[in-house]
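# Structural overview
What follows is each chain in one-letter form.
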Amino acid sequence: MFKRLDEILIEIPNVEKPDPNAAAAIQELLGGKFGEMSTLNNYLYQSFNFRSKEKLKPFYDLVMSITAEELGHVKLVSHGINHCLRGSTEYKEPDQTPLGSVKDARLSYHFLAGAQGAMPFDSMGNPWTGANVFNSGNLVEDLLHNFFLECGARTHKMKVYEMTDHPAAREVVGFLLVRGGVHVVAYAKAIEIATGVNVTKLIPIPSLDNKAFNEARKYEEKGVHTKLYTYSDKDFNAIDQIWKGTHPEDGQPLEVIQGIPQGFPIPEAPAVEEEFAPGISQEDFKEIARRLKMAGNIAD
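Summarised in this report is the structure supplied together with it. (Residues numbered from 1 in each chain as written. Predicted model: local features only at pLDDT ≥ 70, side-chain atom pairs only at ≥ 80, totals over all residues. Heavy atoms only, no water.)

### Focus on the pattern of salt bridges
Applicable threshold: One side-chain nitrogen of Lys or Arg within 4 Å of one carboxyl oxygen of Asp or Glu is enough to make a salt bridge. For helices the rule is a DSSP run of H or I covering at least 4 residues; for strands it is a run of E covering at least 2, with both sets numbered from the N terminus onward. Relative accessibility thresholds used throughout: buried, under 20% of the residue-type maximum; exposed, over 50%; partly exposed, between the two (1.4 Å probe, protein chains only).
This model, assessed by the stated rule, comprises 10 salt bridges. Note that glutamate 36 is salt-bridged to lysine 157, the shortest N-O span being 3.5 Å. Here glutamate 36 is found in helix 2 (residues 36-48), whereas its partner lysine 157 is found in helix 5 (residues 139-163), with 121 residues between them in sequence. In this pair, the class of glutamate 36 matches that of lysine 157, namely buried. For the salt bridge of arginine 179 with glutamate 69, the shortest nitrogen-to-oxygen distance reads 2.7 Å. On the criterion of sequence distance, the pair formed by arginine 179 in helix 6 (residues 167-195) and glutamate 69 in helix 3 (residues 57-85) is long-range, its members being 110 residues apart. The class for arginine 179 is buried, based on a relative accessible area of 2%. Connected through shared salt-bridge partners, Lys211, Glu220 and Asp250 make up one network.

Here is the structure:
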């Protein structure tokens, strides 16, 4: 089961700086082969299909807890895309071409089908596919794949960071670099326990420290890279048999936290009338309010 909160993992800067092409780049971190939809669904199906989970409980708990965090990452990247798209157009009468300002945007589907919102696509507009899911059923093979997947995701985050200076984009990508790094280390430690091979000696891949990125450095200074959350009030606490000791890059002590990290409110998304979204006029709002009052027997 999942419990949903109306929050996101960090505060995203709300700046008046529309950048549709930055949004297109960030789409790779959502619906690309190494994007958050891929990490989520890889771990989700591995957790559904996990064999001998009682005997291998620390590994099962690890995959389960990281799965839950990935749901939050999908949500966060989507809101990052939305922030980059916000304000790209303005309302005008249809004959005045209100969407003309984005006809040359690299990913026009944001405006033709999504009302300026995130879509389950990569940076070229290709839909995410379940063919990106790998679940062999073999513990070591799946852990090795997950380690590779997180390293690939890290590479793509670094490239997107270098591609745009949009404050919302960089804030989201910087945070994800740190949390993705946690998953890299977690899977490396899991492989070491399962096989005896010290995979942590390979990281970071690519060989550039997260501290090279301003928006990632500040989260590492807060110790965000040392914490692994169970995302459950009482379950999945056996991850402390894997997530223990010190961080292989800076020697900071690792910590398991039962529960979830502090969240932040999701900002209101304004109407985009030129996209007919939400398509509810002031008169419609009044009529909806009247019907709700009637349904709830609420007197004026």
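Next comes the rest of the description.
### Focus: the side chain of histidine 145
Basically, it comes down to this: Any two residues whose heavy atoms approach within 4.5 Å at even a single point are treated as in contact.
Relative to the elements of secondary structure, histidine 145 occurs in helix 5. Every residue in contact with histidine 145, bar those within four places of it in the chain, is listed here: Asn42, Gln46 and Phe134.

### Structural notes on the nonpolar core
Condition: Throughout, nonpolar core names a set of buried Ala, Val, Leu, Ile, Met, Phe, Trp, Tyr and Cys residues whose side chains join them through atoms within 4.5 Å.
Core analysis: the largest hydrophobic core is formed by 40 residues, its most contacted members being Ile26, Leu76, Val77, Ile81 and Phe175. Ranked by the residues each element gives to this core, the list is headed by helix 6, at 8 residues. Apart from residues no more than four positions distant in its own chain, phenylalanine 175 is found in contact with Leu9, Ile10, His73, Leu76, Glu215, Tyr219 and Val224. Core analysis: the second largest hydrophobic core is formed by 29 residues, Tyr43, Phe147, Val184 and Ala188 among them.

### Side note on unusual backbone geometry
Here the bond from isoleucine 205 into proline 206 is cis, since omega is -10°, no more than 30 degrees from zero. Mapping proline 206 onto the fold places it in the loop between helix 6 and helix 7 (214-221). In this structure, the amide linkage connecting alanine 277 to the following residue, proline 278, adopts the cis form with an omega of 5°. Checked against the element boundaries, proline 278 lands in the loop between strand 4 (264-265) and helix 8 (282-295). Of note, the phi angle at phenylalanine 236 is positive, near 65°, even though the residue is not glycine. Secondary-structure assignment places phenylalanine 236 in the loop between strand 2 (227-229) and strand 3 (255-257). Positive phi, normally seen in glycine, also occurs at phenylalanine 276, with a value near 60°. Within the fold, phenylalanine 276 resides in the loop between strand 4 and helix 8. By relative accessible area, phenylalanine 276 is classed as exposed at 68%.

### Let's talk about the packing of helix 1 (residues 20-31) against helix 5
To keep it simple, the criterion reads: The angle between two axes is taken between their N-to-C directions and runs from 0 to 180 degrees, where each axis is a line fitted to C-alpha atoms and a helix contributes only its stretch in contact. Geometric relationships in this document are graded by angle, where less than 35 degrees denotes roughly parallel, more than 145 denotes roughly antiparallel, 65 to 115 denotes roughly perpendicular, and other angles denote oblique. Polarity classes work like this: nonpolar for Ala, Val, Leu, Ile, Met, Phe, Trp, Tyr, Cys and Pro, charged for Asp, Glu, Lys and Arg, and polar for all others, with Gly in that last group.
It is at 10 Å that the axes of helix 1 and helix 5 come closest, and there the two elements cross at 170°. It follows that helix 1 is roughly antiparallel to helix 5 by the angle criterion. Contacts from Ala25, Ile26, Glu28 and Leu29 in helix 1 reach His156, Lys157, Val160 and Met163 in helix 5. Along the lines of polarity and charge, the residues of the contact of helix 1 with helix 5 split into 5 nonpolar, 1 polar and 2 charged.

### Details of helix 2
Rules: By this rule, a helix spans an expected 1.5 Å times one less than how many residues it contains.
Across its 13 residues, helix 2 extends 18 Å between first and last C-alpha, which sits within 8% of the 18 Å expected from 1.5 Å per residue. Counting buried positions along helix 2 yields 11 of 13 residues, so the element is predominantly enclosed. If you check which residues of helix 2 are buried, you get Glu36, Met37, Ser38, Thr39, Leu40, Asn41, Asn42, Tyr43, Leu44, Gln46 and Ser47. Buried residues along helix 2 sit in contact with helix 1, helix 3, helix 5 and helix 6.

### Observations concerning helix 7
For clarity, the threshold we go by: By arc we mean the arc of the directions from the helix axis to the C-beta atoms, nothing more.
Turning to helix 7, its buried residues number three or more, namely Glu215, Ala216, Tyr219 and Glu220. An end-on view of helix 7 places all buried positions within 135° of arc, on one side of the element. Its buried side turned inward, helix 7 meets helix 5 and helix 6.

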